[in-house]
Amino acid sequence: SPTHPRLAYAALAAVCIFWGTTYLGIRIALESMSPAMLMFLRYALSSILMMVAVWATGATFPRGSELWRTAFYGVLTIGIGTGSLAVSELWLPSSMAAMIVTTQPFWMVGTEAWLGGERLQWRAIRGMLIGLAGVIVLFWPAVFEGGSNGLRRADLLAGFAMLQFGAMAWSYASIRQRNMRSGVHPFVSGAVQQLATAMVFAIPALAGPQP
């Protein structure tokens, strides 16, 4: 309610703390494990906890094509989206990765318009261009003026490209899933998606080399 905004501020604080610290947490974890192992352990643990909660409440699971589509969109969003972030932090500091991720709205708005959703409006485009200008101002010296804190230009560009690939996958799957008819609770869908992501990363995590 506009007259009681405390819950909105609490939600914003939760996003800043739990989502914002993800970048630093990934960077720390990569000191002792590969991106694939990190993704596998992270989502295996979270999916198990969520599945237990789902079973305890007797919630309904998706079936048939809905199950497969839910799992597929989960692999695209958190698998490729977050997985690309983990890989990019092999080359980039977490602060720079977080800054580059702010280009996500371009992919989200553009993909939605491409898929027949809300058309692009000049007001939205203007706001995104202002945000992009800020990213360019911060990113330009690192790439075009001799690097930043010993980072190689090739690593910076590789990290940027990897994050754009993840943003593209995240945007496409998020919009497709939002338009998908579902009879299950979003918490259940999240559990299925995280379990699917853990399964996809299991083989490269267990078979691949570790740092």
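As the structure is a prediction and not an experimental result, all values here were calculated from the model. (Residues numbered from 1 in each chain as written. Predicted model: local features only at pLDDT ≥ 70, side-chain atom pairs only at ≥ 80, totals over all residues. Heavy atoms only, no water.)

Caption draft 1: Highlighting the overall build of the protein chain. Regarding its fold elements, the protein chain presents nine helices and zero strands. Listing every helix and strand of the protein chain by position from the N terminus yields α-α-α-α-α-α-α-α-α. If you take every contact in the protein chain between residues at least 6 apart in sequence, the share linking residues at least 24 apart comes to 84%. Summed over its atoms, the accessible surface of the protein chain is roughly 12700 Å², and 69% of this surface lies on carbon and sulfur atoms. (Helix = DSSP H or I, 4+ residues; strand = E, 2+ residues; numbered from the N terminus. Contact = heavy atoms within 4.5 Å. Areas by Shrake-Rupley, 256 points an atom, 1.4 Å probe, with all protein chains shown as cover.)

Caption draft 2: Examining the nonpolar core more closely. Among the nonpolar cores identified, the biggest contains 26 residues, and Ile26, Leu38, Phe40, Leu85, Leu92, Met96 and Leu163 are the most heavily contacted of them. The element contributing the most residues to this core is helix H3 (residues 35-57), with seven residues. Ignoring any residue separated from it by four or fewer positions in sequence, one finds leucine 38 in contact with Ile26, Ala29, Leu30, Met33 and Ala86. Within the second largest apolar cluster, ten residues are counted, among which are Val75, Val184, Ala191 and Ala196. (Core = buried A, V, L, I, M, F, W, Y, C linked by side-chain atoms within 4.5 Å. Buried < 20%, exposed > 50% of the residue type's maximum accessible area, 1.4 Å probe, protein only.)

Caption draft 3: Just helix H9 (residues 186-207), in detail. Along its 22 residues, H9 runs 32 Å from first to last C-alpha, staying within 8% of the 32 Å computed at 1.5 Å per residue. At phenylalanine 201, H9 shows its strongest bend, of approximately 40°, with the proline proline 204 following within four residues. (Expected span 1.5 Å × (residues − 1). Bend = angle between axes of the 7 residues up to and from the residue.)

Caption draft 4: Structural context of the packing of aromatic side chains. Considering all chains together, one arrives at two aromatic pairs under this definition. Ring centres of tryptophan 55 and phenylalanine 61 lie 6.0 Å apart, and the angle between their planes is 45°; this geometry places the pair in the tilted category. Among the residues examined, phenylalanine 61 registers a relative accessible area of 24% and is labelled partly exposed. Seen in terms of ring centroids, phenylalanine 72 and tyrosine 73 are 5.8 Å apart; in terms of plane orientation they differ by 50°. Their pairing is tilted. (Phe/Tyr/Trp six-rings, centres within 6.5 Å; stacked < 30°, edge-to-face > 60°.)

Caption draft 5: A look at the side chain of threonine 70. Along the chain, threonine 70 falls in helix H4 (residues 64-88). Setting aside residues up to four positions removed in sequence, threonine 70 forms contacts with Met180, Ser189, Val192 and Gln193.

Caption draft 6: Looking closely at the packing of H4 against H9. Two numbers describe how H4 lies on H9: the axes approach to 7 Å, and their chain directions differ by 65°. Where H4 crosses over H9, the handedness of that crossing is right-handed. Along its contact with H4, which presents Leu67, Thr70, Ala71, Tyr73, Gly74, Val75, Ile78, Gly79 and Gly83, the element H9 presents Ser189, Val192, Gln193, Gln194, Ala196, Thr197, Val200 and Phe201. Classifying every residue of the contact of H4 with H9 gives nine nonpolar, eight polar and no charged. (Axes fitted to C-alpha atoms, helices over the stretch in contact; angles between N-to-C directions. Left-handed = near helix turned anticlockwise from the far one by under 90°. Nonpolar A, V, L, I, M, F, W, Y, C, P; charged D, E, K, R; others polar.)

Caption draft 7: How the structure looks around the packing of H3 against H9. Relative to each other, H3 and H9 sit at 145°, their axes nearing to 7 Å. As for how H3 packs across H9, the hand of that crossing is left-handed. A per-class count over the contact of H3 with H9 returns 21 nonpolar, five polar and no charged.

Caption draft 8: Region of the structure containing the side chain of serine 84. As for its placement among the helices and strands, serine 84 is situated in helix H4. Judged by relative accessible area, serine 84 falls into the buried class, the value being 5%. Polar contacts involving the side chain of serine 84 include one to the main-chain carbonyl oxygen of isoleucine 80, which spans 2.6 Å. Contact partners of serine 84, with chain neighbours within four places excluded, come to Gly79, Met162, Leu163, Phe165 and Gly166. (Polar contact = N/O pair within 3.5 Å; in protein donor to acceptor, adjacent residues only side chain to side chain.)

Caption draft 9: Summary view of helix H8 (residues 153-178). Taking 1.5 Å of rise per residue, the 26 residues of H8 would be expected to cover 38 Å, and the 37 Å separating its terminal C-alpha atoms lies within 8% of that figure. Turning to H8, its buried residues are Asp155, Leu156, Gly159, Leu163, Gln164, Gly166, Ala167, Ala169, Ser171, Ala173 and Ile175.

Function cannot be read off these values alone, since they describe shape.
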